[in-house]
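Now for the letters of each chain:
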Amino acid sequence: MKRIMITGALGQIGTELTLKLREIYGVENVLATDLRRPEEGNPVLDGPFETLDVMDHDKMLAIADSFKPDTMMHMAALLSATAEKNPVFAWNLNMGGLLNALEVARKLEMQFFTPSSIGAFGPNTPKDNTPQTTIQRPTTMYGVNKVAGELLCDYYHHHFGLDTRGVRFPGLISHVKEPGGGTTDYAVEIYFKAVREGKYASYIDKGTFMDMMFMDDAINAIIELMEAPADKLVDRNAFNVTAMSIDPEMVAASIRKFIPEFELTYEVDPVRQGIAESWPNSIDATEAKKQWGFNPKFDLDKMTEEMLTAIRAKEQK
Ligand SMILES: NC(=O)c1ccc[n+]([C@@H]2O[C@H](COP(=O)([O-])OP(=O)(O)OC[C@H]3O[C@@H](n4cnc5c(N)ncnc54)[C@H](O)[C@@H]3O)[C@@H](O)[C@H]2O)c1
């Protein structure tokens, strides 16, 4: 991986991914693209940027043909909670955008990465220590898109020999860019509210466990997987990755180690609660560890400390 093109680069993952890749591979070697140009001052504009709607195959091909990347990272998508509000639009964007990105990568012989999600599991998937290969009958449009996307990426690898790679991300926690409408967003909001107001009303209920990971670990996982020697990979797409399985009470307890007066209450949102209950409590990341050395560094308390410190610094600016 030497020269990289990213779609959806202004999102929660794309923003930090762009900055980290530019640090490692050189600013001029990482092209960020998104639906709209961000406001001046956005750090993503410190390097190459193009506006690109991933539904526009011809423009995507033209941009890639001119930048000459060896790697495509496809991040543009509609996330779980937003997709449920507009399922037909979600299908068209999540599947159409992915197909265009795969086609461009195939035509220009690029390496390819796109993330799947724990949303690719469903209510009859084993809930605890969920294996990588197991029952996948998701009940959300997002989940349907993610399962189909995993299979499509496998197909492009087996049928066309495209070097596709991918992980199933859990909820990702970060302080640089706000999350884009996922079910696990509470675990980001709670930190911002803790610093700003000392309290938070959670839309996810007490005792609802989901997998999570700090963004630094997620970005490192992408880079490690993309740089892993191909002959070490038995699987290609849909690697389970996670750093912790947590519920709102656990996050609150961790925050109270730094802000003792922090208060957690509940205003449960039935839609997002329903999605959360259809997902695993905890997934098993053994294959990612074995095949390409996945090794997350942040546990809950280390992540809490980092989140609170960074948000406080942001608030003081
Ligand atoms: N953030 C998480 O917790 C998480 C967890 C699991 C999987 N994922 C997956 O990772 C990927 C990126 O997620 P994210 O959290 O950064 O999402 P996000 O919603 O924060 O960002 C998505 C980006 O895509 C852009 N976009 C939307 N429609 C577009 C279009 N038609 N053309 C071009 N760009 C478009 C948006 O402007 C946005 O900048 C998605 O595939 C998502 O399903 C995310």
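Residues numbered from 1 in each chain as written. Predicted model: local features only at pLDDT ≥ 70, side-chain atom pairs only at ≥ 80, totals over all residues. Heavy atoms only, no water.

**Considerations on the site of the ligand**
This is how the line gets drawn: Nearness is judged by heavy atoms alone; a residue qualifies as near a molecule or strand once a single heavy atom is within 4 Å of it. Identification of polar contacts relies on pairs of N or O atoms within 3.5 Å, with a donor-acceptor requirement for protein atoms, meaning one able to donate a hydrogen and the other able to accept it, and with residues adjacent in sequence counted only if both atoms are side-chain atoms. Every helix listed is a DSSP run of H or I at least four residues long, and every strand listed is a run of E at least two residues long, numbered separately from the N terminus. Throughout, the edges of the domains are those of an automatic or database domain assignment.
Taken together, the neighbourhood of the ligand is formed by 25 residues, with Gln-12, Ile-13, Asp-34, Asp-53 and Tyr-142 sitting nearest. Separating a nitrogen atom of the ligand from a side-chain N or O atom of Gln-12 is a distance of 2.7 Å. Note that a nitrogen atom of the ligand is positioned 2.9 Å from one of the backbone N or O atoms of Val-54. For the shell around the ligand, the elements supplying multiple residues, two or more each, are α1 (12-25), β6 (116-117), α5 (141-160) and β9 (171-173). No fewer than three residues from each of domain 1 (4-170 + 215-231) and domain 2 (171-212 + 242-315) sit in the shell around the ligand.

**Examining the packing of aromatic side chains**
The following threshold applies: Centres within 6.5 Å make a pair out of two Phe, Tyr or Trp rings, where for Trp the six-membered ring is used; the pair is then stacked when the planes are under 30 degrees apart, edge-to-face when over 60, and tilted otherwise. Here, a charge over a ring means that NZ of Lys or CZ of Arg falls within 6 Å of the ring centre while also lying within 35 degrees of the ring normal.
Considering all chains together, one arrives at seven aromatic pairs under this definition. Note on Tyr-186 and Tyr-203: the rings are 6.3 Å apart at their centroids and 90 degrees apart in plane angle, and the pair reads as edge-to-face. Here Tyr-186, found in helix α6 (residues 186-196), pairs with Tyr-203, found in the loop between β10 (199-202) and β11 (210-214); they are 17 residues apart in sequence, far enough to count as distant. Put simply, the rings of Tyr-155, Tyr-156 and Phe-160 touch in pairs and so form one group of aromatic residues. We note Arg-106 situated over the ring of Phe-160; from NZ or CZ to the ring centre the distance is 5.0 Å. The ring of Tyr-203 has Arg-272 sitting right over it, with the charged end atom 3.5 Å from the ring centre.

**Points about the pattern of salt bridges**
Close approach of charged atoms lets side chains of opposite charge pair. The line we're drawing: The rule for a salt bridge is simple: a side-chain nitrogen of Lys or Arg has to be within 4 Å of a carboxyl oxygen of Asp or Glu. With a 1.4 Å probe rolled over the protein chains alone, any residue whose accessible area is under 20% of its type maximum counts as buried; one over 50% counts as exposed, and the rest are partly exposed.
This model, assessed by the stated rule, comprises twelve salt bridges. When the shortest N-O distance is used, the salt bridge between Lys-68 and Asp-65 registers 3.5 Å. When its relative accessible area of 55% is taken as the criterion, Lys-68 is described as exposed. Note on Asp-65: relative accessible area 41%, which makes it partly exposed. In this structure, the salt-bridge partner of Lys-257 is Asp-301, at a minimum N-O distance of 2.6 Å. Here the residue Lys-257 occupies a position in the loop between α8 (248-256) and β14 (263-266), and Asp-301 occupies one in helix α11 (residues 300-316), the gap between them amounting to 44 residues. Here Lys-257 falls in the exposed class, since its relative accessible area comes to 56%. Taken together, the shared-partner salt bridges connect Glu-103, Arg-106 and Lys-107 into one network.

**Quick notes on the sheet that holds strand β8 (residues 167-169)**
Using the following cut-off: For two strands to be treated as a pair, DSSP must find at least two bridges joining them.
Across the sheet, three strands lie side by side as β6-β8-β12; this open sheet has parallel pairing. The open sheet has two free edges, formed respectively by β6 and β12 (239-240), since each of these has just one partner strand. Sheet analysis places β8 next to β12, joined by two bridges and oriented parallel. Across the sheet, residue Arg-168 finds its bridge partner in β12, namely Asn-240.

**Concerning the side chain of Arg-168**
Its place among the elements puts Arg-168 in strand β8. Since its relative accessible area comes to 2%, Arg-168 is described here as buried. At 3.3 Å, the side chain of Arg-168 forms a polar contact with the side chain of Gln-136. Within polar-contact distance, the side chain of Arg-168 engages the side chain of Glu-150 at 2.7 Å.

**Concerning the environment of Met-212**
For clarity, the cut-off: Contact between two residues is taken to exist if any of their heavy atoms lie within 4.5 Å; hydrogens are not considered.
Mapped onto the elements of the fold, Met-212 is located in strand β11. Once the C-alpha coordinates of Met-212 and Gly-96 are considered, the two residues, 116 residues apart in sequence, prove to be 28 Å apart. When sequence neighbours within four positions are dropped, the list of residues in contact with Met-212 reads Pro-170, Gly-171, Ile-173, Thr-184, Tyr-186, Ala-187, Thr-242, Ala-243, Met-244 and Ile-246.

**Things to note about the domain arrangement of the protein chain**
Note the following rule: Two parts placed together each lose some accessible area under a 1.4 Å probe, and the buried area is that loss summed for both.
What the domain assignment reports for the protein chain is domain 1 (4-170 + 215-231) and domain 2 (171-212 + 242-315). The C-alpha-based centres of domain 1 and domain 2 are spaced at 22 Å. When the two sides are added together, the surface that domain 1 and domain 2 hide from each other amounts to roughly 3,000 Å², 60% of it contributed by carbon and sulfur. Scanning the region where domain 1 abuts domain 2 turns up zero salt bridges. At the boundary of domain 1 with domain 2, the tally comes to 18 residue pairs in polar contact (both at pLDDT 80 or more). Of all the secondary-structure elements, those providing two or more residues to the side of domain 1 that touches domain 2 are α1, α3 (80-85), β8 and α7 (215-227). Counting residues per element, the side of domain 1 that touches domain 2 draws most heavily on α7, which supplies seven residues.

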